[in-house]
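Residue-level listing of the chains:
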Number of protein chains: 2
Amino acid sequence: MKNDVSIGLLGLGVVGSGVIKLIENHRKELVHQVGCDVNIKRVLIRDPEKIRNVQLDQTLLTTDPDEVLKNPEIDVIVEVMGGTEQARHYILEAFQAKKHVITANKDLIALYGPELEDAASRNQCDLFYEASVAGGIPILRGLSDGLVSDRIHQVMGIVNGTTNYILTKMNEEGTTYEDALKKAQELGFAEADPTADVEGLDAARKMAILSRLAFSTDIELEDVEVNGISNLTLSDLQYGKQLGYTMKLIGFANCHNQNVEVSVQPTFLSNEHPLAAVKNEYNAVYVNGEAVGETMFYGPGAGSLPTATAVMSDVINVIKNMRLGVNGRQFIKPRFKSVITPPDQRFSQHYLRLDVRDEAGALSAISHLFNEMDISFERVLQIPSSKSNLAEIIFVTHRTSLEKFEKAMFELERLNVVESIHSSYRVEGDVEE
Amino acid sequence: MKNDVSIGLLGLGVVGSGVIKLIENHRKELVHQVGCDVNIKRVLIRDPEKIRNVQLDQTLLTTDPDEVLKNPEIDVIVEVMGGTEQARHYILEAFQAKKHVITANKDLIALYGPELEDAASRNQCDLFYEASVAGGIPILRGLSDGLVSDRIHQVMGIVNGTTNYILTKMNEEGTTYEDALKKAQELGFAEADPTADVEGLDAARKMAILSRLAFSTDIELEDVEVNGISNLTLSDLQYGKQLGYTMKLIGFANCHNQNVEVSVQPTFLSNEHPLAAVKNEYNAVYVNGEAVGETMFYGPGAGSLPTATAVMSDVINVIKNMRLGVNGRQFIKPRFKSVITPPDQRFSQHYLRLDVRDEAGALSAISHLFNEMDISFERVLQIPSSKSNLAEIIFVTHRTSLEKFEKAMFELERLNVVESIHSSYRVEGDVEE
């Protein structure tokens, strides 16, 4: 057995630099934990001219992938370069060279996770990706280890820091969506092109990964329904607030009788829900297990050092497995083929905001329709509209199926008294429900 | 290698029954996870006549400890009987018989943890106790695994469900301490004799365990300073609320330059702090690490099945270690001998409520005194008192050392204008501080 372990880094951006810093700053504790030394052997970079804010022997840098992937001295590849196609290609090469792989790349795992796990397993290599979901929060290990004798029914996550920051500004300071996004960009919480974040795609990738682990199923990224926050208006957030709700972009993963529903959508959360208190750029994942009940893991979802701690926890696990000679055994074949939950089996509360003609009998006509469809209300709020002859009515339904609710929306649009359906959002009620 | 693992249970109360249920309900997944079957072989009970709400072959029950502890067929002992002296004795016997031990017993681990770990290590046995702190929350493994490449500076915990339930009732419904305690007793959240909970002793035990793991130090239970909630008045809670704080019983563990401070005390938390939103009987542990920043683990602190999931996660770890042949290796010798942080190195904000004579110059005299002692205020609130000629003044200081603050209290009592010091509490400010 070698008495040190060598790491090859693919990429030297924000997370890569964090990994190097942590190894330097914690070498003593690392050796104590794993019983051998840990070294960075080679670092693949794109641009050798770029000035980098990290202390590193410059001779370790290379632009030639083979010097990392085919280097016989390297035991573990840490992929922090981002992107999907090239990263996938490099990682498959690494497995062929019998190297263990750690990645922080959610896009890659969401798209190619099962394929990469197969390749790892065939080569008796480890593949870990704790950093790919919710940065510094040890949620993947929490799901696969800590709650192993339980049956998880639901995972709800605030897994995108950018949108949570924007929504916090809108909720608490009444900032418009546009201004909040600009502020997030100034602070580095949002990219110049924020599409992947604000349209929910980033969250969808993380939810695909979380639901695979939580339910041990084979959910694909394309199975995840996605709605973003770019159309949210301050007025909806404020009405929600009046009714005791906080607007959050929530990733849902529900599993009942092998029916799986995974979605990302703007949601009015009851203020009593533990996720409602998760603010700014923080992430949190709420897990509901049959035995354990409600648990929540909270922490930073991104950032150089937080994400690097997750990478390092994977590094330590790989090294422990190497010393025990048990690499490549963590993969669990999906327990079942997932069936996407049909709309008549999807239950939740709904917020519905209507523009109605301000005339006698309007509320009565609408109530009658809902009553006929067997949908009842928890709350109703009527407000005079700024437009003449119109009023706004906001309904919060009791739990009902998505199918019923969509049918009601269809019928509502045909009612004379309804001018238009302004908006509708999912509502997650008190945690007792 | 045997193809099944046999468990001996010590005790068949709430947690023991939960363990049996989980094994029955998840046998298939368990086998899948650990690669062998898991069986309950013997259960030590005190009273064979007692009627028990658990499905179990009655012939497994015994009142003779030797039938469990010296049973050559048993591999793992799960201690869920409670108490300290007898449990300690049994566990030491189990190690001599080379059996691995899992315990949910915080009193035992807080008092005898280091001794038991020594015995386990000498016999190459595992000793795990995830269930001893915060029931269903996988916090111990989170501290020792997930954050391993980090340096933890602070752990703050709401680790006692009884007191958190009582404080939630007082905070949110204005219930008196006595009524809230009674309600907690009716709901089974509080014992008939609530002393250990309400005086903070239960929380102190958990904080001793948490601080040992978080800082890798040798803190003893007697090093933990303890203050309970039985003297709290509704009026203080309400004043705190006006100032933007929520009263919680907080366990603090701080470590700076090998100085360690562990305490349990009623604390005004800023409403912005993630722990402020933890309500009712729920527990949460907030961890501040140098690299990861702020993380929080939230969940049920007690209950049959939640606690049993923690026991089962330990069972699975023991079995994995057995199959790998690496039991008894998880123990980390304390990195350093702890030095208790002296009062001049303990910094926090303070809430101070004074009864003062309602006369000109009173506030000025007090302000002058604080100014001389170099203590400044973040907030001041003066209220006419119901007692004639008296006023109440509430100060919230900026961060200052405990030594300075205690000196100021001493001087305050000698001021003529100060009738009495009504109360004072630690304040934890905004998380940015």
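Keep in mind that this is a model prediction, so the values were computed, not measured.

Some remarks on the packing of aromatic side chains
Residues and elements named next belong to chain A.
Then, in step 1: In this structure the tally under the stated criterion is 19 aromatic pairs over all chains.
Then, in step 2: Ring geometry for Phe-268 versus Tyr-351: centroids 4.5 Å apart, planes at 50°, classification tilted. Of this pair, Phe-268 sits in strand 10 (residues 259-270) while Tyr-351 sits in strand 14 (residues 347-357); the two residues are 83 residues apart in sequence, bridging distant segments of the chain.
Then, in step 3: For Phe-268, a relative accessible area of 0% corresponds to the buried category.

A few points about the sheet that holds strand 4 (residues 76-79) of chain A
Residue and element names in this part refer to chain A.
Then, in step 1: Strand order in the open sheet formed by 6 strands is 3-2-1-4-5-6, with parallel pairing between adjacent strands. The sheet terminates laterally at strand 3 (61-62) and strand 6 (127-128), the two strands that pair on one side only.
Then, in step 2: With 2 bridges joining them, strand 5 (residues 100-103) and strand 6 adopt parallel strand pairing. Bridging from a neighbouring strand, Val-101 pairs with Leu-127 of strand 6.
Then, in step 3: Against the sheet, helix 4 (residues 85-96) makes contact with strand 1 (4-10), strand 2 (37-44), strand 4, strand 5 and strand 6, and its axis sits at roughly 155° relative to strand 5, the strand it touches most.

Here we look at the packing of helix 4 (residues 85-96) of chain B against helix 5 (residues 106-122) of chain B
Residues and elements named next belong to chain B.
Then, in step 1: Contact geometry of helix 4 with helix 5 gives a least axis separation of 10 Å together with a crossing angle of 15°. In this view, helix 4 runs roughly parallel relative to helix 5, as classed from their interaxial angle. Crossing hand, helix 4 versus helix 5: right-handed. Residue-level contacts link Glu-85, Ala-87, Arg-88, Ile-91, Leu-92 and Phe-95 of helix 4 to Leu-108, Tyr-112, Glu-115, Leu-116, Ala-119 and Ala-120 of helix 5.
Then, in step 2: Looking at the contact of helix 4 with helix 5, its residues break down into 9 nonpolar, no polar and 3 charged.

What about the UniProt feature "domain: ACT" (unreviewed entry) in chain A?
Then, in step 1: Within this numbering scheme, the UniProt entry marks residues 351-426 of chain A as carrying the feature "domain: ACT" (unreviewed entry).
Then, in step 2: End C-alpha to end C-alpha, residues 351-426 of chain A measures 6 Å, and it is 30% helix and 45% strand.

Considerations on the side chain of A:Asn164
Then, in step 1: Inspection of the secondary structure puts A:Asn164 in helix 7 (residues 161-173).
Then, in step 2: Once you skip the residues sitting within four places of it in the chain, A:Asn164 turns out to touch A:Ile158, A:Lys248, A:Val278, A:Lys279, A:Asn280 and A:Tyr282.

Things to note about the relation of the copies chain B and chain A
Then, in step 1: In screw terms, the move from chain B to chain A is a rotation of 180° and a rise of 0.0 Å along the axis, fitting with an RMSD of 0.0 Å. Both copies of the chain, as the preceding transformation shows, are related through a two-fold rotation axis. Within chain B, the C-alpha atom positioned nearest to the axis of rotation is that of B:Phe297, 2.4 Å from it.
Then, in step 2: Counting the interface residues of chain B, we find that 98% of their copies in chain A are interface residues as well, pointing to one common contact surface.

Notes on the pattern of salt bridges
Then, in step 1: Evaluation of the coordinates by the stated rule reveals 48 salt bridges over all chains.
Then, in step 2: The salt bridge involving A:Glu261 is made with A:Arg426; its shortest N-O contact spans 3.2 Å. Remark: A:Arg426 occurs in strand 18 (residues 418-428) and A:Glu261 occurs in strand 10; sequence separation between them is 165 residues.
Then, in step 3: Put simply, B:Glu225, B:Glu261, B:Arg346, B:Arg426 and B:Glu428 are held in one network by salt bridges that share partners.

Section: the sheet that holds strand 4 (residues 76-79) of chain B
All names here are of chain B.
Then, in step 1: Ordered in space as 3-2-1-4-5-6, the 6 strands form an open sheet in which the pairing is parallel. The sheet terminates laterally at strand 3 (61-62) and strand 6 (127-128), the two strands that pair on one side only.
Then, in step 2: Alignment of strand 1 (residues 4-10) against strand 4, held across 4 bridges, turns out to be parallel. Across the sheet, residue Leu-9 finds its bridge partner in strand 4, namely Val-78.
Then, in step 3: Here helix 4 sits on the sheet and contacts strand 1, strand 2 (37-44), strand 4, strand 5 (100-103) and strand 6; the angle it forms with strand 5, its principal contact strand, is near 155°.

Some details on the interface of chain B and chain A
Then, in step 1: If you look at the interface, chain B gives 42 residues, while chain A gives 41 residues.
Then, in step 2: Between chain B and chain A lies a buried interface of about 3800 Å² when both sides are counted; carbon and sulfur atoms form 59% of it.
Then, in step 3: Between the two partners, chain B and chain A, sit 2 salt bridges.
Then, in step 4: Residue B:Glu272 pairs with A:Lys279 through a salt bridge whose shortest N-O separation is 3.7 Å.
Then, in step 5: Along the contact surface separating chain B from chain A lie 8 residue pairs in polar contact (both at pLDDT 80 or more).
Then, in step 6: For the side of chain B that touches chain A, the secondary-structure elements that each account for two or more residues are helix 1 (14-25), helix 2 (27-34), helix 6 (139-146), strand 12 (293-300) and helix 12 (304-324) of chain B.
Then, in step 7: Looking at the side of chain B that touches chain A, the element that brings in the most residues is helix 12 of chain B, giving 8 residues.
Then, in step 8: For the side of chain B that touches chain A, the class distribution of residues is 19 nonpolar, 12 polar and 11 charged.

Regarding the nonpolar core
Within soluble globular proteins, side chains that are nonpolar generally end up buried alongside one another.
Then, in step 1: Residues A:Ile139, A:Leu210, B:Ile139 and B:Leu210 are the most contacted members of the largest nonpolar core, which totals 156 residues.
Then, in step 2: Once residues within four sequence positions are removed from consideration, A:Leu210 is found in contact with A:Val133, A:Ile139, A:Leu140, A:Leu143, A:Val155, A:Val159 and A:Val285.

Some details on the UniProt feature "binding site: L-homoserine" (unreviewed entry) in chain A
Residue and element names in this part refer to chain A.
Then, in step 1: Under the present numbering, the feature "binding site: L-homoserine" (unreviewed entry) in UniProt falls on Glu-191.
Then, in step 2: Inspection of the secondary structure assignment puts Glu-191 in the loop between helix 8 (177-186) and helix 9 (195-198).
Then, in step 3: A relative accessible area of 54% places Glu-191 in the exposed class.
Then, in step 4: With near-sequence residues (within four places) excluded, Glu-191 lies in contact with Gln-185 and Asp-197.

Parameters and conventions
Residues numbered from 1 in each chain as written. Chains lettered and ligands numbered in written order. Predicted model: local features only at pLDDT ≥ 70, side-chain atom pairs only at ≥ 80, totals over all residues. Heavy atoms only, no water. Phe/Tyr/Trp six-rings, centres within 6.5 Å; stacked < 30°, edge-to-face > 60°. Helix = DSSP H or I, 4+ residues; strand = E, 2+ residues; numbered from the N terminus. Buried < 20%, exposed > 50% of the residue type's maximum accessible area, 1.4 Å probe, protein only. Pairing = 2+ DSSP bridges. Contact = heavy atoms within 4.5 Å. Axes fitted to C-alpha atoms, helices over the stretch in contact; angles between N-to-C directions. Parallel < 35°, antiparallel > 145°, perpendicular 65-115°, else oblique. Left-handed = near helix turned anticlockwise from the far one by under 90°. Nonpolar A, V, L, I, M, F, W, Y, C, P; charged D, E, K, R; others polar. UniProt positions renumbered as here; feature names shortened; annotations may be inferred. Least-squares fit on C-alpha atoms with pLDDT ≥ 70 in both. Salt bridge = Lys/Arg side-chain N within 4 Å of Asp/Glu carboxyl O. Buried area = accessible area lost by both parts, 1.4 Å probe. Polar contact = N/O pair within 3.5 Å; in protein donor to acceptor, adjacent residues only side chain to side chain. Core = buried A, V, L, I, M, F, W, Y, C linked by side-chain atoms within 4.5 Å.

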